[in-house]
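# Survey of secondary and tertiary structure
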Amino acid sequence: MEQNIYILAIESSCDDTGAAVLCNEKVLSNVVAQQEIHEAYGGVIPELASRAHQQNIVPVVDVALKKAGINKNQLHAIAFTQGPGLMGSLLVGNSFAKSLSLSLNIPLIAVHHMHAHIFAHFIEEEGFEKPEFPFLALTISGGHTQIVQVNSHSDLIVLGETTDDAVGEAFDKTAKTLGFPYPGGPLIDRHAQNGNPKAFGFTKPKVPNLNFSFSGLKTQILYFIQKETQKNPDFIKENLDDLCASVQYTIIEILMDKLKKAVEETGIQKIAIGGGVSANSGIRKALQDADTKYGWKTFIPKFEYTTDNAAMIGIVGYLKYQAGIFSDTEVVSQARMEF
Ligand code: KG4
Ligand code: ZN
């Protein structure tokens, strides 16, 4: 009989402190402490994030172990996010994972945050299918926008990525202009559901190959709203749903255009999405429609595995454990990290 491997995973790349316990490919617990402190500032303040991780990490790990019904002496390995992310945040998870692995005398496994968003699809979940290799991954979050060709667990090729802002930033910065608290992406999504996506037209950037650009769109929206608000101070209030729907529509068009191009170029029609922005209901719908329209097969992860979480770190931890890929205590956090 296959041995049960228990892995504790830690995620602390940005503003969420996460801990999860996995038994092989199954998630026994997945705990996230969100930091509300950043809302007031309209964005993540690195120093505050780091301090909050330090306060949260011990209780979050404690709850994850308790919920999983696992004693720390039963663990086989500790996985943690090595990067990319905010240095002060990454360091908290790194030093915690190192100390625990040393004290328990079990292996340490360093995980790439963006690999984790992709391999979240390999978590065993009832009703969710795992994509077969090769597939294309569209990873869309507050820090990244990438199309990756995934040939195997270890062979990943970045086909295109953003040259400036990430798609999540386009959502959050527009949301800030509209007066929403941070992170405003989910609020745009909610309002867009009642609005007309064709009410306002925004231009899509012309970026070569499979790369993306979102900073021009953000500026265009800002200037448009400033101009309209000068004419009518209640412009935002009167058009909120339509503004959200139009912005979201443009962002989805940009993403779908590049995905279509990637499918054409690679001949791969299996698409797996990941990252916080894949929680967006418009993007989910556009992908589901593409299945019928173009004959694609899209994979959308369970909601709790789309935004930053430790379960996705744990599944990569398990895959690396099986492949015998471990880190020593010299391993350093990386704010920017090669794919
Ligand atoms: O993956 P994630 O939790 O953290 C990063 O690694 O960045 O992604 C967070 C991003 C934020 O920009 C947030 O506004 C966005 O995901 N987001 C959404 C939605 N839910 C989260 N954006 C649009 N629609 C949503 N429903
Ligand atoms: Zn992320």
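Details of the structure are given in the entry above.
Numbering of residues starts from 1 in each chain and follows the order in which that chain's sequence is written. In the order they appear in the text, chains get letters beginning with A and ligands get numbers beginning with 1. At least 70 in pLDDT is required for a residue's local features to be given in this predicted model, at least 80 for side-chain atom pairs to be given and counted, and no such filter applies to totals for whole chains, interfaces and linings, which use all residues. Side-chain descriptors were evaluated using all non-hydrogen atoms of the structure, hydrogens and water having been removed beforehand.

### As for the site of ligand 1
For the record, the criterion: Throughout, the term near means that a residue has one or more heavy atoms lying within 4 Å of the molecule or strand in question. Two N or O atoms form a polar contact when they lie within 3.5 Å of each other; inside protein one atom must be a possible hydrogen donor and the other a possible acceptor, and for residues adjacent in sequence the pair counts only when both atoms belong to side chains. For the area figures, the Shrake-Rupley method with a 1.4 Å probe applies, and any residue is considered shielded solely by the protein chains shown. Helix and strand definitions follow DSSP, with helices as H or I runs of at least four residues and strands as E runs of at least two, each counted in order from the N terminus. Throughout, the ten residues Ala, Val, Leu, Ile, Met, Phe, Trp, Tyr, Cys and Pro are labelled nonpolar, Asp, Glu, Lys and Arg are labelled charged, and all others, Gly among them, are labelled polar. Where each domain begins and ends is defined by an automated method or by a domain database.
Inspection of the region around ligand 1 gives 19 residues, with Gly142, Asp172, Asp189, Gly276 and Asp308 positioned closest. In this structure, an oxygen atom belonging to ligand 1 sits 2.6 Å away from a side-chain N or O atom of Asp172. Within the complex, the protein chains bury 89% of what would otherwise be the 550 Å² of accessible surface of ligand 1. Counting residues per element, the ones that place at least two in the shell around ligand 1 are helix H3 (113-119), helix H4 (167-177) and helix H5 (185-192). Residue composition of the shell around ligand 1, grouped by class: five nonpolar, 11 polar and three charged. Residues from two domains meet in the shell around ligand 1; each of domain 1 (6-120 + 306-323) and domain 2 (131-300) gives at least three.

### Concerning the layout of surface pockets
Stated precisely, the cut-off is as follows: Of the grid points, spaced at 1 Å and generated over the protein atoms alone, those admitting a 1.4 Å probe that cannot get out make up cavities, while open sets with protein on both sides within 12 Å along at least five of seven lines make up pockets; any residue with an atom within 4 Å of a point is treated as lining. Grid points are joined across faces, edges and corners, and a volume is the space filled by probe spheres set on the points.
Empty space within the second largest pocket amounts to approximately 430 Å³. If you trace the second largest pocket, you find 20 residues lining it, with Tyr249, Ile252, Gly282, Ala286 and Asp289 closest to the centre. Those elements that place two or more of their residues in the lining of the second largest pocket are helix H7 (235-266) and helix H8 (281-294). Looking at the lining of the second largest pocket residue by residue, the class counts come to nine nonpolar, five polar and six charged.

### Examining the packing of aromatic side chains
Aromatic ring pairs are described here by two measures, namely the spacing of the ring centres and the angle between the planes. Our working rule: Pairs were defined over the aromatic rings of Phe, Tyr and Trp, the Trp ring being its six-membered one, requiring ring centres within 6.5 Å. Orientation was assigned from the angle between planes: stacked under 30 degrees, edge-to-face over 60, tilted for the rest.
Counted under the stated rule, the structure contains 11 aromatic pairs. An angle of 85° between the planes, with centres 5.6 Å apart, marks the rings of Phe202 and Phe224 as edge-to-face. Of this pair, Phe202 sits in the loop between H5 and helix H6 (215-231) while Phe224 sits in helix H6, and the two are 22 residues apart along the sequence.

### Re the pattern of salt bridges
Heads up, the rule is: Only one rule defines a salt bridge in this text: a Lys or Arg side-chain nitrogen within 4 Å of an Asp or Glu carboxyl oxygen. Relative accessibility under 20% of the residue-type maximum defines a buried residue, over 50% an exposed one, and the middle range a partly exposed one, all with a 1.4 Å probe and only protein chains included.
Under the criterion given, the structure shown has 14 salt bridges. Note that Glu265 and Lys261 form a salt bridge whose closest N and O atoms lie 3.5 Å from each other. You can see Glu265 and its partner Lys261 sitting in helix H7, four residues apart, about one turn around the helix. According to the relative accessible area criterion, Glu265 is exposed, its value standing at 51%. When the shortest N-O distance is used, the salt bridge between Asp289 and Lys285 registers 2.9 Å. Note that Asp289 and Lys285 are positioned in helix H8 at a spacing of four residues, about one turn of the helix.

### Examining the sheet that holds strand E1 (residues 6-11)
For clarity, the cut-off: When DSSP finds at least two bridges between two strands, those strands are taken to pair. All axes are obtained by fitting lines to C-alpha atoms, using only the stretch in contact for helices, and the reported angles, taken between N-to-C directions, cover 0 to 180 degrees. In this analysis, two residues are considered to be in contact whenever any of their non-hydrogen atoms come within 4.5 Å of each other.
Taken together, the five strands give an open sheet; going across it, the order is E3-E2-E1-E4-E5, and neighbouring strands pair in mixed fashion. For this open sheet the edge positions go to strand E3 (26-34) and strand E5 (108-112), each flanked by a neighbour on one side alone. In this sheet, neighbouring strand axes are inclined to one another by 20° on average, regardless of whether the strands run parallel or antiparallel. Relative to strand E4 (residues 77-83), E1 runs parallel, the two being bridged by four bridges. Within the sheet, the bridge partner assigned to Ile10 lies in E4 and is Phe80. On top of the sheet, helix H1 (residues 46-68) reaches E1, strand E2 (16-23) and E3; it is set at about 25° to E2, its chief contact. Packed on one face of the sheet, helix H9 (residues 311-323) meets E1, E2, E3, E4 and E5 and runs near 130° to E1.

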